[in-house]
Amino acid sequence: MGIHLKSLLLNSMLNPITSNKKYLINYAIVWSIIIGAHFAVLHWYYNFSITISLTDSLLFNVFFAFLGISLWYLVRYNKASQNFIVLFASHVVASLLIIGMWLISGYLILKYAINDSYYLVFLDGSFPWRIVSGVFYYSLFILVYYVVVYYQDIQQKIKAEAYLKTLIKEVELNALKNQINPHFLFNSLNSVSSLTITSPEKAQEMIIKLSEYLRYSLSNEEQQITTLKTELENIKLYLEIEKIRFGERLNFQFNCDDAALKATIPAMILQPLFENAIKHGVYESVDTIEVVLDVELNQNTLQILLTNDFDPDAKQTKGEGIGLKNTKERLFLIYKANNLLRMHPSENKFTIDLTIPQNN
């Protein structure tokens, strides 16, 4: 975050003219027009020679063009001052120094470079309008630069806010996702504890499967988006662990074609759905419960249906549970839609309808 914000600040310090090739070309074109107009007035109105007119025009205007570029850094330096009087005084002093240096330097160079009495008289008498033009140029540069600074500050704030929102979103997503593993881990460890007494072989098998699952989850925990194929590999590990615990009471089936396997999906988004199916199906039933996953890839969406049997006579736990709630929140944070997860209970079946938008 610090590096990103530092980069934004560094970019805002760059001169908008010299740091952008397009702006630099436009800047040169504008000054070429000014030089041409200056030359035309001296040559055709005051009847000076081409050499004198061109020398006068180039010297004064090219000199101020370079000074104008340097004024950017004066504006950036004075931006920190919130006192109007200090700011105004700073620009008054700076304008006197810059315009004075511009006029005196140009005057001395032309006075000794051009040996034409008529032009030298004109040069002495041209100070008033040159001062006016210098003040105009200085004021115009300062005004434009302050507009640029104001625009850059707004853009910098927008980018910084967008970056912070992205960080907050990632933190929220990770927090929601990381709530899943402890929940499942606690249940699995309780089962291992029971199996060590009733069936040590199954307890050993479950520990092996659990270590594989945790290794897989930890290696992919930084990912927010993965493929359906990767997600289903993770789910199969999870279901194999649960099947060790429940045996014949749990059967699962995946109906998914190869095209759908390449679709993208939020990482760890399916586990709380399967956990919900097992909790409200297998936990509360003595019969075999079928958990069926049907996946269909349409043009812009991945449609997922997860169906499980349940015993309608068994006591049902109230509420959606933290798993489904977190899943809804994650989907909203990622896709900015709150209707992607829907539940359809029937007499003895419970179906979760999940829609995953496909950006590509």
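What counts, and at which threshold
- Residues numbered from 1 in each chain as written.
- Predicted model: local features only at pLDDT ≥ 70, side-chain atom pairs only at ≥ 80, totals over all residues.
- Heavy atoms only, no water.
- Helix = DSSP H or I, 4+ residues; strand = E, 2+ residues; numbered from the N terminus.
- Buried < 20%, exposed > 50% of the residue type's maximum accessible area, 1.4 Å probe, protein only.
- Areas by Shrake-Rupley, 256 points an atom, 1.4 Å probe, with all protein chains shown as cover.
- Phe/Tyr/Trp six-rings, centres within 6.5 Å; stacked < 30°, edge-to-face > 60°.
- Lys NZ or Arg CZ within 6 Å of the ring centre and 35° of its normal.
- Core = buried A, V, L, I, M, F, W, Y, C linked by side-chain atoms within 4.5 Å.
- Contact = heavy atoms within 4.5 Å.

Engineer: Describe the overall build of the protein, and please don't skip the residues or the numbers.
Structural biologist: The helix and strand inventory of the protein stands at 12 helices and 7 strands. For the protein, with 360 residues in total, the buried portion stands at 39%. A total accessible area of about 20700 Å² is found for the protein, and carbon and sulfur atoms account for 64% of it.

Engineer: Provide a residue-level description of the packing of aromatic side chains, including the pertinent values.
Structural biologist: With the rule as written, the count across this model stands at 23 aromatic pairs. A centroid spacing of 6.2 Å and a plane angle of 20 degrees characterise the contact between Tyr-46 and Phe-48, whose relative ring orientation is stacked. Judged by relative accessible area, Tyr-46 falls into the partly exposed class, the value being 27%. A ring pair is formed by Phe-64 and Trp-102, whose centres lie 5.0 Å apart and whose planes are at 85 degrees; its orientation type is edge-to-face. Of this pair, Phe-64 sits in helix H3 (residues 50–78) while Trp-102 sits in helix H4 (residues 84–113); the two residues are 38 residues apart in sequence, bridging distant segments of the chain. Residue Phe-64 is classed as buried on the basis of its relative accessible area of 0%. A residue is classified by how much of its surface remains accessible, and Trp-102, at 2% relative accessible area, is buried. Among the aromatic side chains, those forming a connected cluster through ring pairs are Tyr-27, Trp-31, Phe-60, Phe-64, Trp-72, Trp-102, Phe-136, Tyr-137, Phe-141 and Tyr-145. Note that Arg-130 overlies the ring of Phe-60, its terminal NZ or CZ placed 4.1 Å from the centroid.

Engineer: How would you sum up the nonpolar core? Please name residues and give values.
Structural biologist: One finds Leu-270, Phe-274 and Ile-304 to be the most contacted residues of the largest nonpolar core, which totals 48 residues. Going through the elements one at a time, helix H7 (180–198), helix H8 (200–219), helix H9 (228–246), helix H11 (271–282), strand E4 (289–297), strand E5 (301–309), helix H12 (321–335) and strand E7 (349–357) are the ones with two or more residues in this core. In terms of residue count, the dominant contributor to this core is H9 (9 residues). Those residues within four positions of Leu-270 in sequence are excluded, and the remaining contacts are Leu-228, Glu-231, Leu-232, Ile-235, Ile-265, Ile-304 and Leu-354. Ala-65, Ile-69, Trp-102 and Phe-141 belong to the second-largest nonpolar core, a separate cluster that totals 31 residues.

So far we have only geometry, and geometry alone does not tell us how the molecule works.
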